Amino acid sequence: MAARTEYTGPVLFSFGFRPFFLGACLFALLSVPAWLLIWRGDLGYSGPFLATDWHIHEMIFGYGAAVVAGFLFTAVPNWTGRMPARGWPLALLSGLWLLGRLAMAGWLGLPALGVLLVDCAFLAAVIAMIAREIIAGENWRNLKVVVPVTLLGLANLCFHLEAMTEGAADVSRRLGIAVLIFLIMLIGGRIIPSFTRNWLAKQGAAKMPAPFGKFDAVTLVFGAAALVAWTAAPWAAVSGALLLAAGLLHLLRLARWRSLATLPDPLLLMLHLAYALVPAGLIAAGGVPFGLLQPAAAAHILGIGAIGGMTLAVMMRATMGHSGRPLVAGPALTLAFMLLLGAAALRLAGSAELAAGWDGITVSAVVWTAGFALMVLKTGPWLITRRIGPKKVSGKP
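Source: prediction; values computed, not measured. (Residues numbered from 1 in each chain as written. Predicted model: local features only at pLDDT ≥ 70, side-chain atom pairs only at ≥ 80, totals over all residues. Heavy atoms only, no water.)

Colleague: Help me get a handle on the overall build of the chain, residues and values and all.
Modeller: Looking only at helices and strands, the chain has twelve helices and two strands in total. At 20 Å, the chain has a C-alpha radius of gyration in line with the 21 Å of a compact globule built from 397 residues. In terms of its C-alpha atoms, the chain occupies a principal-axis envelope of roughly 55 × 50 × 45 Å. Scored against the burial criterion, the 397 residues of the chain give a buried share of 54%. Counting contacts in the chain only where the partners sit at least 6 residues apart, residues at least 24 apart contribute 76% of the total. Looking at the chain as shown, the accessible area adds up to about 16,400 Å², and 71% of this sits on carbon and sulfur atoms. For the chain, the distance from the average position of its 28 positive side-chain charges to the average position of its 14 negative side-chain charges is 17 Å. (Helix = DSSP H or I, 4+ residues; strand = E, 2+ residues; numbered from the N terminus. Rg over C-alpha atoms; globule rule 2.2 N^0.38 Å. Buried < 20%, exposed > 50% of the residue type's maximum accessible area, 1.4 Å probe, protein only. Contact = heavy atoms within 4.5 Å. Areas by Shrake-Rupley, 256 points an atom, 1.4 Å probe, with all protein chains shown as cover. Lys, Arg positive; Asp, Glu negative; His and termini not counted. Charge placed at Lys NZ, Arg CZ, Asp CG, Glu CD.)

Here it is as structure tokens:
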């Protein structure tokens, strides 16, 4: 293992989770109210995409990509035993992510091709840095994580190209969501049973979550096939059948992880609840070809519920663990997560009025914003101040 020399630079750039988790949470807090104002016609948008495409793109490749980067730049040093990216390299990478957000908003005044180059550069740099670290550390087992991250980068490129050539990024919207959902299936399927097993062992439980096996491999294959079908042909009956089958398989997968036993630990339970919205979203998307649900409803169960919920839960846990705080959610963070689940449920109402002239889209955006406001208020100080207690040099986020 490489010697871990003392870091003396800004705390924010001492570890990968700090700038990217803080950036992701602040961006989620600010961009959704901005989108709401754009949607209502109260705020102008001058970027290269349709306003709806900007919103979807920024949730996937702005917010989502930042969380993925924060997770990987925290996990990979533990996998490889090498020094984490920190200091100026991490600051420059963070600046590149921010530059992409400014370009996408139209604030840099770049043409569509220029926006593509600036925005796509971030994930390209992440992929190169992660691959270099894994290869240099000869941690070949985890090299496979580069594949879905590369797919995320390619999905971003496709989003730009489709918007430039077709006027709207209809297919690439679903592709970006699909890649993030598959990452949740892949990584969540490893960390959730692992964290649950560790917690249950401390409680002296005799029955443990089922270990990763052939059944999990089958669920991943079905999940990937269903997501590909949904991306290419979301209204086809065969896509609906695949999505329904994949959803049921992932429900069975979750049932093998002893979710109900985690009720006394909200921080752990959050991961199970967020994963439950993966099969819920797949089943909802599977109902679209048969006229059971609208496409937007299924997309938001996957987007707000599964992606939003899982990223929030992972950021909470990783921030606590790597900043020296006890792994206890507490009232504020528990409420933040519940507000996010509420935002997913409220979004299903769409433009229908819920109360006092407020429709489902507006109320959902307000509830989402409140959830991330709590997240920033609670974890923000942890992300910009030094770790308390002994340094964490091993273990995954």
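On we go from here.
Colleague: Residue-level account of the packing of helix H7 (residues 214-232) against helix H8 (residues 237-255), with values.
Modeller: Helix-helix packing: each pair is described by the crossing angle between the helix axes and the interaxial distance. H8 packs onto H7 with a crossing angle of 150 degrees between their chain directions and a minimal axis gap of 8 Å. Judged on the interaxial angle alone, H8 and H7 are roughly antiparallel. Seen from above, H7 lies across H8 with left-handed handedness. Of the residues in H8, those in contact with Phe-215, Asp-216, Thr-219, Leu-220, Phe-222, Gly-223, Ala-225, Ala-226, Ala-229 and Trp-230 of H7 are Ser-239, Leu-242, Leu-243, Ala-245, Ala-246, Leu-249, His-250, Leu-252 and Arg-253. Across the contact of H7 with H8, the residue classes break down as 13 nonpolar, four polar and two charged. (Axes fitted to C-alpha atoms, helices over the stretch in contact; angles between N-to-C directions. Parallel < 35°, antiparallel > 145°, perpendicular 65-115°, else oblique. Left-handed = near helix turned anticlockwise from the far one by under 90°. Nonpolar A, V, L, I, M, F, W, Y, C, P; charged D, E, K, R; others polar.)

Colleague: Got a sec to walk through the pattern of salt bridges? Specific residues and values, please.
Modeller: For the structure shown, the criterion picks out eight salt bridges. Residues Arg-253 and Asp-216 are paired through a salt bridge, measuring 2.9 Å at the closest nitrogen-oxygen approach. Here Arg-253, found in helix H8, pairs with Asp-216, found in helix H7; they are 37 residues apart in sequence, far enough to count as distant. Considered together, Arg-253 and Asp-216 belong to a single accessibility category, that of buried residues. Arg-256 is the partner of Asp-216 in a salt bridge, and the nearest nitrogen-oxygen pair spans 3.8 Å. With Asp-216 in helix H7 and Arg-256 in the loop between H8 and helix H9 (266-287), this residue pair connects regions lying 40 residues apart in the sequence. Look at Asp-216 and you get buried, because its relative accessible area is 2%. Taking relative accessible area as the criterion, Arg-256 reaches 32% and is therefore assigned partly exposed. (Salt bridge = Lys/Arg side-chain N within 4 Å of Asp/Glu carboxyl O.)

That's the geometry; what it means functionally is another story.
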